[in-house]
Amino acid sequence: MIVDDARIVDSKACQLESWMKKNTGSIEYWTLPACNFTHNLELTFGGAVISNSDNAKNPNILIQGKTLFKPMEINGWGIGLAIGAIHNPTININRNLTGDLYAYIPTSFSFRDGHVVLNTNVGWLYRRSESNEHHLTLGVGSEILFTKNSWLVAEIFGQNQGKPFFHIGFRYWIYPDHIQVDTTYGNRFGSGNDEQWFTVGLRLISPAFLP
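Below is a short write-up of the structure. As the structure is a computational prediction, the values presented were derived from the model and not from experiment.

1. Overview of the nonpolar core
Here is a general trend for soluble globular proteins: nonpolar side chains tend to be buried in one another's company.
(1) Moving on: Counting eight residues, the largest nonpolar core is built from Trp-30, Leu-32, Ala-48, Leu-62, Ala-82, Tyr-102, Tyr-104 and Leu-125.
(2) Moving on: Looking at this core, the elements with two or more residues in it are β2 (26–36) and β6 (100–111).
(3) Moving on: With five residues, the next largest nonpolar core counts Val-9, Ala-13, Trp-173 and Ile-205 among its residues.

2. Examining the pattern of salt bridges
(1) Moving on: Applying the stated criterion across every chain, the model contains eight salt bridges.
(2) Moving on: Measuring nitrogen to oxygen at the nearest pair gives 3.0 Å for the salt bridge that ties Asp-4 to Lys-66. Taken together, the residues Asp-4 in the segment before β1 (14–23) and Lys-66 in strand β4 (residues 57–70) connect sequence positions 62 residues apart. Comparing Asp-4 with Lys-66, the two get one shared label, buried.

3. Thoughts on the pairing of β1
(1) Moving on: Taken together, the 10 bridges between β1 and β2 define a ladder with antiparallel strand orientation. The partner of Glu-17 across the bridge, within β2, is Leu-32.
(2) Moving on: In this structure, the hairpin formed by β1 and β2 is closed by a connection of two residues, where Gly-25 is found at a positive phi of approximately 95°.
(3) Moving on: Across nine bridges, the pairing between β1 and strand β12 (residues 197–205) is antiparallel. Its bridge partner being in β12, Gln-15 is matched across the sheet by Ile-205.

4. Details of unusual backbone geometry
(1) Moving on: Despite not being glycine, Lys-12 has its phi angle at roughly 65°, a positive value.
(2) Moving on: Among the structural elements, Lys-12 can be located in the segment before β1.
(3) Moving on: The phi dihedral of Asn-75 is positive, around 60°, even though this residue is not glycine.
(4) Moving on: Inspection of the secondary structure assignment puts Asn-75 in the loop between β4 and β5 (77–87).
(5) Moving on: Residue Asn-75 is classed as partly exposed on the basis of its relative accessible area, which comes to 45%.

5. As for the side chain of Glu-155
(1) Moving on: In this fold, Glu-155 is placed in strand β9 (residues 150–159).
(2) Moving on: One buried charged residue, Glu-155, forms no salt bridge at all, with the nearest opposite charge on Arg-171 at 7.4 Å.
(3) Moving on: Engagement of the side chain of Glu-155 in a polar contact is seen with the backbone nitrogen of Val-3, the distance being 2.8 Å.

Cut-offs and rules
Residues numbered from 1 in each chain as written. Predicted model: local features only at pLDDT ≥ 70, side-chain atom pairs only at ≥ 80, totals over all residues. Heavy atoms only, no water. Core = buried A, V, L, I, M, F, W, Y, C linked by side-chain atoms within 4.5 Å. Buried < 20%, exposed > 50% of the residue type's maximum accessible area, 1.4 Å probe, protein only. Helix = DSSP H or I, 4+ residues; strand = E, 2+ residues; numbered from the N terminus. Salt bridge = Lys/Arg side-chain N within 4 Å of Asp/Glu carboxyl O. Pairing = 2+ DSSP bridges. Lys, Arg positive; Asp, Glu negative; His and termini not counted. Polar contact = N/O pair within 3.5 Å; in protein donor to acceptor, adjacent residues only side chain to side chain.

Listed below in structure tokens is the structure:
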């Protein structure tokens with residue numbers, strides 16, 4: 001999902017998030033490994049390969065750091081900060097050496113003994129790859145327990161310009177807290193089929209093993 005939560009991987013543990021995203025006219029393959037080497041700093045370094053209808057390969061590289069000011073508790077709330085950059089080495093390379101920069105504050109609220117979670121994001125995006133434009137980013141998402149190991153997820157997100165996007169899906173824990181699969185559908189409000197997408201994802205979470 002695009003709207004992030006106020007959680008990070010456990011201390012001394014790692015996770016791997018990977019998914020395939022089918023857009024109208026292109027397919028994206030994402031792989032994002034992340035580890036928490038300390039107690040409160042999750043570092044992510046990964047990226048994507050995007051193939052369009054002409055079979056051209058368009059790479060993206062992402063690096064991000066995320067920390068929590070207050071971890072989310074059951075029937076409580078949490079808040080954190082994430083800062084990162086997305087770099088596309090094939091777009092405007094002369095003025096895009098550090099990529100597009102972003103930062104956001106994820107906030108999560110837990111209800112009904114953790115069976116319902118509401119996530120909100122407020123952030124900033126600096127599109128160096130386009131015309132050095134600054135954007136305000138906003139998002140609201142929900143996670144609702146459906147069965148013992150499955151969740152319904154839905155979110156609305158966007159920028160201060162243009163119509164927002166919506167995103168809905170289903171998440172299932174094959175092995176609770178360690179192996180998760182999901183599938184989603186997304187689109188922009190009022191855009192028809194031009195900007196819709198489908199995803200299938202896999203998330204692997206390790207136990208603590210780092211020194």
